[in-house]
Amino acid sequence: MADETFETTGAEAAEAVELGDLAATTALEVRAYLDAVTEVASGQIDSTAPSVLLLAVSQALVTGARLGAVADVVPARRYEPDAGPDPDVDPLRAGLANVVEGLDDYAEVVDPLTDAHLVRGSLSDDLASVAADLVHGLRHFERGEVTEALWWWQFSYLSSWGPRATSALRVLQSLLGHLRLDVDAETASDAEFDALHP
């Protein structure tokens, strides 16, 4: 009986360490995403902004997929402790909208499994909403509420920021594809000639 208790305690300790490591890694990725979108929104990045956003969103989705793949994180408390006021992402949203002006709106399927109707989407709204959800979890993490942070990031990945980031990723991939592939025939021919005749 004593050995069984020790094994359970050991397993619980190992799980706590794993969750702590996952939370720390997630927090690093969250900060990287926030830094990238904030820098893009500042307008100080030139034509590389779509590429920077593509990388930031892709990495955030890798982090989210990791959260979605683990078993449900269940906090010890039945209520969410107050993480403070919701972050004001309106300046971020406005800055991003300026950067992607003319390319911000897109068409999206509501749900590919249950509702194939098209709705309007907004790239700047998506990126800012993802930031707001990630910041909320980061506040819990920074207050030492590790399980609460993981629960929030996991729950909101599945219900909110994951779908928004997925939509943003598709728009950014499409945007980069158009920027790089939609060239006139003469430009394409000149590039091909230059590549073949160094």
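Rules and cut-offs
All residue numbers refer to positions counted from 1 along the written sequence of the respective chain. Local features in this predicted model are restricted to residues whose pLDDT is 70 or higher, and side-chain atom pairs enter the listing and the counts only when it is 80 or higher, whereas totals over whole chains, interfaces and linings include all residues. Just so you know, side-chain values use all the structure's heavy atoms and leave hydrogens and water out. Runs of H or I in DSSP of at least four residues are treated as helices and runs of E of at least two as strands, each being numbered from the N terminus. Every residue pair with non-hydrogen atoms within 4.5 Å of one another is taken to be in contact. In short, Shrake-Rupley with a 1.4 Å probe defines the accessible areas, and a residue's cover is counted only from the protein chains shown. Residue count minus one, scaled by 1.5 Å, sets the expected span of a helix. The buried label applies to any residue whose accessible area, calculated with a 1.4 Å probe on protein chains only, is under 20% of its type's maximum; exposed applies above 50%, and partly exposed to all values in between. Note on ring pairs: Phe, Tyr and Trp rings are taken, using the six-membered ring of Trp, and paired if centres are within 6.5 Å. Classes follow the plane angle, with under 30 degrees stacked, over 60 edge-to-face and the rest tilted. Any carboxyl oxygen of Asp or Glu within 4 Å of a side-chain nitrogen of Lys or Arg constitutes a salt bridge here. Between N-to-C directions, angles span 0 to 180 degrees; the directions come from axes that are lines fitted to C-alpha atoms, helices contributing only their stretch in contact. By definition, any crossing whose near helix is turned counterclockwise from its far helix by less than a right angle is left-handed, and any crossing with a clockwise turn is right-handed. The definition of a nonpolar core used throughout is a set of buried Ala, Val, Leu, Ile, Met, Phe, Trp, Tyr and Cys residues joined through side-chain atoms within 4.5 Å. At least two bridges found by DSSP between two strands are what make those strands a pair. Working rule for angles: under 35 degrees goes down as roughly parallel, over 145 as roughly antiparallel, 65 to 115 as roughly perpendicular, anything else as oblique. Residues are grouped as follows: Ala, Val, Leu, Ile, Met, Phe, Trp, Tyr, Cys and Pro are nonpolar; Asp, Glu, Lys and Arg are charged; all remaining types, including Gly, are polar. Axes are fitted to the seven residues ending at a residue and to the seven starting at it; the angle between these axes is taken as the bend at that residue.

A.B. asks: What is the right way to look at the overall build of the protein chain in this model?
C.D. replies: Within the protein chain, the secondary structure is distributed over 6 helices and 2 strands. Going from the N terminus to the C terminus, the protein chain shows its helices and strands as α-α-α-β-β-α-α-α. In the protein chain, the proportion of contacts linking residues at least 24 apart, taken out of those at least 6 apart, comes to 74%. When the accessible surface of the protein chain is summed, it comes to about 12000 Å², and 57% of that surface belongs to carbon and sulfur atoms.

A.B. asks: Explain the environment of leucine 92 here, please?
C.D. replies: Along the chain, leucine 92 turns up in helix α3 (residues 90-99). Put simply, leucine 92 and serine 124 are 32 residues apart on the chain and 8.4 Å apart in space, counted from C-alpha to C-alpha. If we skip the residues at most four places from it in the chain, leucine 92 touches Val37, Thr38, Ala41, Ala128 and Ala131.

A.B. asks: Explain helix α4 (residues 123-142) here, please?
C.D. replies: Here α4 is 20 residues long and its end C-alpha atoms lie 28 Å apart, about the 28 Å a rise of 1.5 Å per residue gives. Of all 20 residues in α4, 17 are buried, a share of seventy percent or more. Phi turns positive, to about 85°, at glycine 144, one or two residues after α4.

A.B. asks: How do you make sense of the packing of aromatic side chains when you look at a structure like this?
C.D. replies: Aromatic ring pairs are defined here through the distance separating the ring centres and the angle between the ring planes. According to the stated counting rule, one finds 5 aromatic pairs in the structure shown. With a centroid separation of 6.1 Å and 55° between ring planes, the pair formed by tryptophan 151 and tryptophan 152 is classed as tilted. By relative accessible area, tryptophan 151 is classed as partly exposed at 24%. For tryptophan 152, a relative accessible area of 15% corresponds to the buried category. Pairwise contacts between aromatic rings join Trp151, Trp152 and Phe155 into one cluster.

A.B. asks: Help me out: how do you make sense of the pattern of salt bridges in this one?
C.D. replies: A side chain of one charge can pair with a side chain of the opposite charge when the charged atoms of the two come close. A full pass over the atoms with the stated rule returns 6 salt bridges. Residue glutamate 142 is joined to arginine 31 by a salt bridge in which the shortest nitrogen-to-oxygen separation is 3.3 Å. With glutamate 142 in helix α4 and arginine 31 in helix α1 (residues 2-41), this residue pair connects regions lying 111 residues apart in the sequence. The class for glutamate 142 is exposed, based on a relative accessible area of 51%. On the basis of relative accessible area, arginine 31 is assigned to the partly exposed category, the value being 32%.

A.B. asks: Explain the packing of helix α2 (residues 49-69) against helix α5 (residues 146-181) here, please?
C.D. replies: Helix-helix packing: each pair is described by the crossing angle between the helix axes and the interaxial distance. Interaxial distance between α2 and α5 falls to 8 Å at its minimum, and their mutual angle equals 150°. Like other packed secondary-structure pairs, α2 and α5 cross with a definite hand, here left-handed.

A.B. asks: Sorry, what's going on with the nonpolar core here?
C.D. replies: A general feature of soluble globular proteins is that nonpolar side chains tend to end up buried together. The biggest cluster of nonpolar side chains holds 44 residues, and the ones touching the most others in it are Tyr33, Val57, Leu127, Trp153 and Trp161. Looking at this core, the elements with two or more residues in it are α1, α2, α3, α4 and α5. For this core, the leading source of residues is α5, giving 12 residues. Apart from residues no more than four positions distant in its own chain, tryptophan 153 is found in contact with Ala23, Thr26, Ala27, Val30, Leu67, Asp133, Leu134, Gly137, Leu138, Phe141 and Trp161.

A.B. asks: Sorry, what's going on with the pairing of strand β2 (residues 115-122) here?
C.D. replies: Here is the key point about a regular strand: its side chains alternate between the two faces of the sheet. Looking at chain direction, strand β1 (residues 105-111) and β2 are connected through 6 bridges and run antiparallel. Bridge pairing links tyrosine 106 to glycine 121 in β2.

A.B. asks: Looking at this model, I keep getting lost on the packing of α3 against α4. Mind explaining?
C.D. replies: Where α3 meets α4, the closest approach of the two axes is 8 Å, and the angle between their N-to-C directions is 150°. Taken together, the axes of α3 and α4 are roughly antiparallel relative to one another. Judged by the twist between their axes, the crossing of α3 over α4 is right-handed. Facing α3, whose interface residues are Leu92, Arg93, Leu96 and Ala97, α4 presents Ser124, Asp125, Leu127, Ala128, Ser129 and Ala131. Among the residues forming the contact of α3 with α4, the class breakdown is 6 nonpolar, 2 polar and 2 charged.

A.B. asks: For this particular structure, what's the right way to read α5?
C.D. replies: Note on helix geometry: an α-helix contains 3.6 residues per turn, so any two residues three or four positions apart are oriented the same way. Counted at 1.5 Å a residue, the expected span for α5 with its 36 residues is 52 Å, but the 45 Å between its end C-alpha atoms falls short. Where α5 bends most, the angle comes to about 70°, and this point is tyrosine 157.

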